[in-house]
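As a plain string of letters, each chain reads:
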Amino acid sequence: MKKFIAAAVIAIALAAFVGTVPAAVESMAPVCETFSPSVRSYSEKISGSGKVRYVGQSAVSCSLPVVIKEACVSEGDRVQTGDIIAKIDRESSVALVMSLSQINALNAAVTDLQAAAALIPEAVAAESAGRVVSVSRAGQAVLSGESIAVIADNDSIAVSAAISELDIAKIKLGQPAYIELSAYPGEKIFGTVSEISETARSQYSGTVLETVVDIMITPENTGDERLKSGFSAEVEIGLSEPYDILVAPYSAIEQDEISEYVYVYENGAAVRRNIVTGKEFSDGTEVCVGLSAGDIVFKAPGEVAEQKYIRIKDSN
């Protein structure tokens, strides 16, 4: 009888000890931060930079570098075709042509400086009727092809923006767009794509030469007082209706020769989950395949790597 009782006591003690082992191990397991993928409303957009301008505006320029002697009109004046816009300081213009030729900066189809001097006009005139948007000041040097003045043939205002050739095929007339002026950061002005240029051109983006196509965006309210000709603007053209996507931070994602992956919390352990990512944002990337909104994902996959016992700290 005593042997039976002793055996029973030993068995109970062993069972109690075995039961405490996982709990003891688990209590020593690291506490890891987790999150659930955020659901974000997203619509595909294309961005570009440009200027506010009058529709139908044109530039008055000269084929040779010139120095303005006198501006004969002011901003806001109405002019007719042939009206004198500015008088040219021919002596200073000749000196400018000579100085530019010495540094190989003369952009004119002439090789004889005397011939070039003979081509410098006494004055420049408007080539179309309209309202003067801008005009160069007296004493200002204007290089060949640059605007001496800008004339608009009507009062309609719009935003001309440059779009990368890689994106222009997605732009269609009538698409909704938002305009944000540098002078009014954070304020959105609604408009639509009203014109797409039939030709492309080159421009520098920083030090990179890129090919762009100009588009015109007409604001819904063309009388908006914030829209002033010459203002810099950023534009966004909407390509789709908003839809929900899942976004995970970059720090939670690892990659090997097989695929991108994360670690999720399942049955007390960290389990690898292969994923497919999509669009990238400043704070994370879209997860197209492999996760759902309710999954518990580890923030630092290198700390968990399929450990058997893990305690989680929800930091959402």
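Because the structure is a prediction, the values reported are computed rather than measured.

### Comments concerning the overall build of the chain
Alright, step 1. Each helix and strand in the chain was counted, giving four helices and 23 strands.
Alright, step 2. Restricting the contact set of the chain to residue pairs at least 6 apart, pairs at least 24 apart contribute 72%.
Alright, step 3. When the accessible surface of the chain is split by element, carbon and sulfur atoms take 52% of a total near 18,300 Å².

### Describing the side chain of T285
Alright, step 1. Following the sequence through the fold, T285 ends up in strand β21 (residues 284-289).
Alright, step 2. Looking at T285, its side chain comes within polar contact range of the main-chain oxygen of K279, at 3.1 Å.
Alright, step 3. Once residues within four sequence positions are removed from consideration, T285 is found in contact with L246, V247, A248, Y250, I253, T277, G278, K279 and E280.

### Thoughts on the sheet that holds strand β4 (residues 57-61)
Within a sheet, adjacent strands bond to each other through the backbone by hydrogen bonds, running parallel or antiparallel.
Alright, step 1. One open sheet holds the four strands; their spatial order is β4-β11-β9-β6, and the pairing between them is antiparallel. Only two strands of the sheet have a single neighbouring strand rather than two, namely β4 and β6 (78-79).
Alright, step 2. Sheet analysis places β4 next to strand β11 (residues 147-152), joined by five bridges and oriented antiparallel. Residue pairing across strands places S58 opposite I151, the latter belonging to β11.

### Observations regarding the pattern of salt bridges
Alright, step 1. Here the structure, examined in full by the defined rule, presents 12 salt bridges.
Alright, step 2. Here E122 makes a salt bridge to R90, at a shortest N to O gap of 4.0 Å. Highlighted residues: E122 in the loop between α3 (113-119) and β8 (123-125) and R90 in helix α2 (residues 90-102), separated in sequence by 32 residues.
Alright, step 3. For E122, a relative accessible area of 56% corresponds to the exposed category.

### Here we look at the environment of S251
Alright, step 1. By the element assignment, S251 lies in the loop between β17 (243-248) and β18 (254-255).
Alright, step 2. Its relative accessible area of 53% is what places S251 among the exposed residues.
Alright, step 3. Put simply, S251 and K299 are 48 residues apart on the chain and 6.5 Å apart in space, counted from C-alpha to C-alpha.
Alright, step 4. The residues contacting S251, other than those within four sequence positions of it, are K299 and P301.

### Brief notes about the packing of aromatic side chains
Centre-to-centre distance and the angle between the planes together describe a pair of aromatic rings.
Alright, step 1. Evaluated as defined, the whole model comprises five aromatic pairs.
Alright, step 2. Taken together, a centroid distance of 5.7 Å and an interplanar angle of 75° make the contact between Y42 and F281 edge-to-face. Within this pair, whereas Y42 is found in strand β2 (residues 38-42), its partner F281 is found in strand β20 (residues 269-281), the two being separated by 239 residues in sequence.
Alright, step 3. Centre to centre, the rings of Y265 and F298 are 6.1 Å apart; their planes meet at 75°, and the pair counts as edge-to-face. Of this pair, Y265 sits in strand β19 (residues 260-266) while F298 sits in strand β22 (residues 297-298); the two residues are 33 residues apart in sequence, bridging distant segments of the chain.
Alright, step 4. Given the relative accessible area of 0%, F298 is considered buried.
Alright, step 5. An aromatic cluster is present here, built from Y42, Y243 and F281 joined pairwise through their rings.
Alright, step 6. Over the ring of Y261 we find R272, and its NZ or CZ is 3.8 Å from the ring centre.

### Observations concerning the nonpolar core
Alright, step 1. Judged by nonpolar contacts, the single largest core of 24 residues is most densely connected at I179 and I237.
Alright, step 2. In this structure, I237 is in contact with E44, K45, I46, I163, I171, Q175, P176, A177, V193, I215 and I217, ignoring residues within four places of it in sequence.
Alright, step 3. Ranked by size, the runner-up nonpolar core spans 20 residues in total, among them V60, V66, A86 and V142.

### A word on the sheet that holds strand β5 (residues 66-71)
Alright, step 1. Taken in spatial order, the four strands of this open sheet run β8-β7-β5-β10, and their pairing is antiparallel. Where the open sheet ends on each side, the last strands, each with one partner, are β8 and β10 (141-142).
Alright, step 2. Taken together, the three bridges between β5 and strand β7 (residues 84-88) define a ladder with antiparallel strand orientation. Among the inter-strand pairings, E70 is bridged to a residue of β7, identified as K87.

### Re the environment of A117
Alright, step 1. Residue placement: A117 occurs in helix α3.
Alright, step 2. Distance in space between the C-alpha atoms of A117 and V94 is 5.5 Å, their sequence separation being 23 residues.
Alright, step 3. Those residues within four positions of A117 in sequence are excluded, and the remaining contacts are R90 and V94.

### Section: the confidence of the model for the chain
Alright, step 1. Residues with a pLDDT of 70 or more make up 82% of the chain, whose mean pLDDT is 82.
Alright, step 2. Note that pLDDT drops below 50 for residues 13-21; the model gives that stretch zero contacts with residues more than four away or on any other chain.

About the criteria used
- Residues numbered from 1 in each chain as written.
- Predicted model: local features only at pLDDT ≥ 70, side-chain atom pairs only at ≥ 80, totals over all residues.
- Heavy atoms only, no water.
- Helix = DSSP H or I, 4+ residues; strand = E, 2+ residues; numbered from the N terminus.
- Contact = heavy atoms within 4.5 Å.
- Areas by Shrake-Rupley, 256 points an atom, 1.4 Å probe, with all protein chains shown as cover.
- Polar contact = N/O pair within 3.5 Å; in protein donor to acceptor, adjacent residues only side chain to side chain.
- Pairing = 2+ DSSP bridges.
- Salt bridge = Lys/Arg side-chain N within 4 Å of Asp/Glu carboxyl O.
- Buried < 20%, exposed > 50% of the residue type's maximum accessible area, 1.4 Å probe, protein only.
- Phe/Tyr/Trp six-rings, centres within 6.5 Å; stacked < 30°, edge-to-face > 60°.
- Lys NZ or Arg CZ within 6 Å of the ring centre and 35° of its normal.
- Core = buried A, V, L, I, M, F, W, Y, C linked by side-chain atoms within 4.5 Å.
- pLDDT = per-residue confidence, 0-100.

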